[in-house]
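Below, each chain spelled out in residue letters.
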Amino acid sequence: MATPTPMKHAPSQQGRTPSQLVAAATPPVSTPFSNPAHAAFSPRGPKSSPQQVKKSPATSVMLGQTSMGAFNFDSPSTAAAMGALGIGGGFDMGLDNVAVGGLDSLGAALGGEDDKLKRLDTILKLLSEKTGLVSEAGLERLAQRIGLELLSEEQTTPGGRKTRTLAIAGSAIALDIVLDNNIVQSTSLTYHGNASSVSRHMDAASRILLQDLQLLPHQSPLTKSLANFASNFERLAVLDKLSISPGLDCHEALAGIYASLERLHEWDLSKLRQDPAMATKPDDYLNAVAMCAQHGVPVMHARGKVGLALQYWKELRFVPPPSDTLAGFAEKHEKVWSMLVGCAPIENLGLPPVRVSENWISKNIVKDDASIGPGRIALDWQEPENVSLPQSDDNKDAGMDLLQPDLSTTRVPRVMFTVAFDPPVALPQNDWSRLYMYANVNPPNIELSHRGSPPTYDSLLFPIPSGVRVDPSEPRAISRERRVRVYTEDQKPVISQHHNTLFIYKPIYSQVVSEMAFSHPRQLVDMLPLLRQYAFLSTLLENSFGSKTSDSLSTTQTEDPSQGTKLHTPKSQTTTTKDQLAGFMGKAESGKRADMTSEQKTSMDVILWVHPLPHLQIVFPMGNATANITLKVLEGGTVEVVDDNILAQDEDGTNKGKKRAITKENLGRALEHMEDLCKWVEWIRTRLSE
């Protein structure tokens, strides 16, 4: 065995000298198949089979043999055995007509080439998701993977400590990171383009990148992940790499959309302030109303996300924080639904290219058109001109020819706008297709579950536990426990133990939308009512059956009046027994009274269906009877109570007694404010129980 020779440390370990800075500005990316000698064995290369490998010049050079004699066997016994089998010196085995028992089943087990490539893609995806830890070496590897230039320089502080500055540069952006013993001290993001609309947002982006890299209090450098920084910086790097000079600046394109949406948002706020009911409301409340009921709130580099986002929904939208301290807490912890706008290369024909403009909507915002009718408005959207690239060899691959209305052609960038939904939205298949129609793009192929059928809405919101086999054609019941704080009429807190059960009669085949292409911000605004509808529905279900609840482990009794017996059903997270569903329907009709103890116990049962739009039927005990309320979740996230048995009316149609002041509209607005079925049920019980 040869004695290993000493090896110099990698540049990231010993540091670069000034003479190395220029020569080693961009370290070469080394992968298992970047070596030409290894390329022949790449699982994706055209020379994957042994017959092809032995003819590869790279393989021949690697093995020190000619291409005709890639494999030689020096052992006489081996040569004799191979000669008896008819195997030549060139390793052409000639087994085409030889049947070997057991190999057929082995081949079936190994699968075909497509299965192997699929498994390889999965492995590569898992490896790519591992970004490593915050360190000099980790940042160098990230810059190599993104494909940006990197320079490293060492400095000495006045105190004598040595620090290192990493400069990661693209065509229009540059990020300087100062590290002291692999701990990030500061960052500086600069923009070298000509658009002032981009420059004024660079400080906000730099602060987010610094937060992603700096250690939190009591956090060890051994646990500081690069994941958040990589996600944010890659978003900037993609825009930088897709830009074409001269002609297209993707940073400027997104800044133009932001300017137009911000103009629309300011118009929304001015209209809200003119409403007498909103005159005394704080700015935070008006901003929440504009976000969840108007045209959304555009933000640039906010809430830990670098880039342009259109916020359209949030938790507790009608309950603004009462103090600055709580406002800061809510900014970090309250969930906000957003659409992240970016750019991507055009891969399919027919998708419109990006356009650069700050005038996607006119200065007046609305059209002056009397034909629209009184009380109605129409936004005055504009159609900016396409970006025209100069005809040159530099952009022949980055551009494409577009036919103009006058039948002439112009060179446009092969880049499109994209929108990513944060968080991804689960929609029934009909509404999922409709969302793509708003963007005027074809929906992708329907994703299938491992059972071979599309996933159901309930399985996307509440995944089926591992090892539990569920037939999608059967009803599903999800049972959960939750402790709810209730305030009595004299404002004393009482804990109510809720046993909540969600029933789904029929499978609601659904899809998740995470990203799609679009061509005009008008399309994003058109999506808002549908997105808000399912954002609010998911919030209601999450609060009553999601992370705020726990598994039901005890045994419960339900009465089946048709049989006159009690059914003992174990409370579990997921059940599909038809007996439990029948028990629920029997209980809803029987109107049995639930026992109330010092710690109240409440059973709340909910039926969900979504055709033609989301409906919820809520059944719960109230006084001597059982309340039964059916409501719709409309587009825009508003609630309409369509049926109930608790608002009893006099013969003249008016409510009587305690229920006189409560209407269906009151019930709907109360649920919109609480965003919680459990709290809403208790609110009804404390106000309407006889």
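Residues numbered from 1 in each chain as written. Predicted model: local features only at pLDDT ≥ 70, side-chain atom pairs only at ≥ 80, totals over all residues. Heavy atoms only, no water.

Remarks on the overall build of the protein chain
For the record, the criterion: Strands here are runs of E lasting at least two residues and helices are runs of H or I lasting at least four, both read from the DSSP assignment and numbered beginning at the N terminus. Residue exposure (1.4 Å probe, protein chains only): buried if accessible area is under 20% of the type maximum, exposed if over 50%, otherwise partly exposed. The contact definition used throughout considers only heavy atoms, calling two residues in contact when any of these lie within 4.5 Å.
In terms of regular secondary structure, the protein chain is built from 21 helices and 22 strands. For the protein chain, buried positions account for 43% of its 690 residues. Of all intrachain contacts in the protein chain linking residues separated by at least 6 positions in sequence, the fraction that spans at least 24 positions is 60%.

Comments concerning the confidence of the model for the protein chain
For clarity, the cut-off: A score from 0 to 100, pLDDT tells how confident the predictor is in each residue.
Per-residue pLDDT for the protein chain has a mean of 78; in total, 73% of the residues score no lower than 70. Low pLDDT, under 50, characterises residues 1-109; the predicted model gives this stretch 85 contacts beyond four residues in sequence or across chains. Predicted confidence for residues 553-598 stays below pLDDT 50, and this span has 80 contacts to residues more than four positions away or in other chains.

So, the sheet that holds strand 1 (residues 149-156)
Going by this rule: Only strands joined by at least two bridges in the DSSP assignment are considered to pair. Helix axes are fitted to C-alpha atoms over the stretch in contact, other axes to C-alpha atoms as well, and angles between N-to-C directions run from 0 to 180 degrees.
With respect to topology, 4 strands assemble into an open sheet ordered 1-2-3-4, the strand pairing being antiparallel. Strands at the two margins of the open sheet, each flanked by one partner only, are strand 1 and strand 4 (183-191). Sheet twist, expressed as the average angle between the axes of neighbouring strands with direction ignored, equals 20 degrees. Both strand 3 (residues 173-180) and strand 4 contribute to a ladder of 8 bridges, which runs antiparallel. Across the sheet, the residue bridging to Val 178 is Ser 186, located in strand 4. Along the sheet, helix 11 (residues 202-213) contacts strand 3 and strand 4; its crossing angle with strand 4, the most-contacted strand, is approximately 155 degrees.

Let's talk about helix 11
Operational definition: The span you would expect from a helix comes to 1.5 Å times its residue count less one.
For helix 11, with 12 residues, the first-to-last C-alpha span of 17 Å sits near the 16 Å given by 1.5 Å per residue. Counting buried positions along helix 11 gives 9 out of 12 residues, so the element sits mostly inside the fold. Every buried residue of helix 11 is accounted for by Met 202, Ala 204, Ala 205, Ser 206, Ile 208, Leu 209, Leu 210, Asp 212 and Leu 213.

Examining a nonpolar patch on the surface
The following threshold applies: Patch construction takes residues with relative accessible area above 30% that form no salt bridge. Like charges are linked within 9 Å, and nonpolar side chains (Val, Leu, Ile, Met, Phe, Trp, Tyr) are linked within 5 Å. Here, Shrake-Rupley sampling with a 1.4 Å probe gives the accessible areas, and only protein chains in the shown set may cover a residue. The term salt bridge refers to a pairing of a side-chain nitrogen on Lys or Arg with a carboxyl oxygen on Asp or Glu at a separation within 4 Å.
A cluster of nonpolar residues, Ile 123, Leu 124 and Leu 127, forms a patch on the protein surface that exposes about 300 Å² of accessible area. Within the secondary structure layout, Leu 127 lies in helix 8 (residues 113-129). For Leu 127, a relative accessible area of 58% puts it in the exposed group.

A few points about the packing of helix 9 (residues 136-146) against helix 12 (residues 227-242)
For clarity, the cut-off: Left-handed describes a crossing whose near helix is turned anticlockwise from the far helix through less than a right angle; right-handed describes the clockwise counterpart. Only Asp, Glu, Lys and Arg are considered charged, only Ala, Val, Leu, Ile, Met, Phe, Trp, Tyr, Cys and Pro nonpolar, and every remaining residue, Gly among them, polar.
As a packed pair, helix 9 and helix 12 sit with axes 11 Å apart at the nearest point and diverge in direction by 35 degrees. As helix 9 runs across helix 12, the sense of the crossing is right-handed. Two secondary-structure elements touch here, helix 9 through Leu 139, Leu 142, Arg 145 and Ile 146 and helix 12 through Phe 229, Ala 230, Phe 233, Glu 234, Ala 237 and Lys 241. Of the residues belonging to the contact of helix 9 with helix 12, the class tally is 7 nonpolar, no polar and 3 charged.

A closer look at the packing of helix 20 (residues 664-674) against helix 21 (residues 677-688)
For clarity, the threshold we go by: The scheme is simple: roughly parallel for angles under 35 degrees, roughly antiparallel for over 145, roughly perpendicular for 65 to 115, oblique for anything else.
Running from N to C, helix 20 and helix 21 cross one another at 140 degrees; their axes reach a closest spacing of 9 Å. Here helix 20 lies oblique to helix 21, going by the angle between them. Handedness of the helix 20/helix 21 crossing: right-handed. The residues of helix 21 that touch helix 20, namely those facing Asn 666, Leu 667, Ala 670, Leu 671 and Met 674, are Leu 677, Lys 679, Trp 680, Trp 683 and Ile 684. Residues that form the contact of helix 20 with helix 21 fall into these classes: 8 nonpolar, 1 polar and 1 charged.

Re the sheet that holds strand 6 (residues 305-314)
Overall, antiparallel pairing links the 5 strands, which are arranged 5-6-7-12-15 in an open sheet. Unpaired on one side and paired on the other, strand 5 (297-302) and strand 15 (510-518) mark the two borders of the sheet. Shown here is a sheet whose adjacent strand axes are inclined to one another by a mean of 30 degrees, direction ignored. Examined bridge by bridge, strand 5 and strand 6 share 5 bridges and lie antiparallel to one another. Following the sheet pairing, Pro 298 is matched in strand 6 by Leu 310. Packed onto the sheet, helix 16 (residues 429-438) meets strand 12 (415-428) and strand 15 and runs at close to 0 degrees relative to strand 15.

What to know about helix 20
Listing the buried residues of helix 20 in full gives Leu 667, Gly 668, Ala 670, Leu 671 and Glu 672. Considering only its buried residues, helix 20 is in contact with helix 18 (521-545), strand 21 (625-633), strand 22 (639-644) and helix 21. Where helix 20 terminates, the next one or two residues include Glu 675, which has phi positive at roughly 55 degrees.

Regarding the nonpolar core
Note the following rule: By nonpolar core we mean a set of buried residues, namely Ala, Val, Leu, Ile, Met, Phe, Trp, Tyr and Cys, connected to one another through side-chain atoms within 4.5 Å.
One finds Met 339, Phe 421, Leu 616, Ile 618, Trp 680 and Ile 684 to be the most contacted residues of the largest nonpolar core, which totals 107 residues. The dominant element in this core, judged by the number of residues it contributes, is helix 18, at 13 residues. Discounting residues that sit within four places of it in the chain, Phe 421 has contacts with Ser 338, Met 339, Leu 435, Val 513, Ser 514, Glu 515, Met 516, Met 527 and Leu 531. The next biggest cluster of nonpolar side chains, apart from the first, holds 33 residues, and it includes Leu 142, Leu 166, Val 198 and Phe 229.

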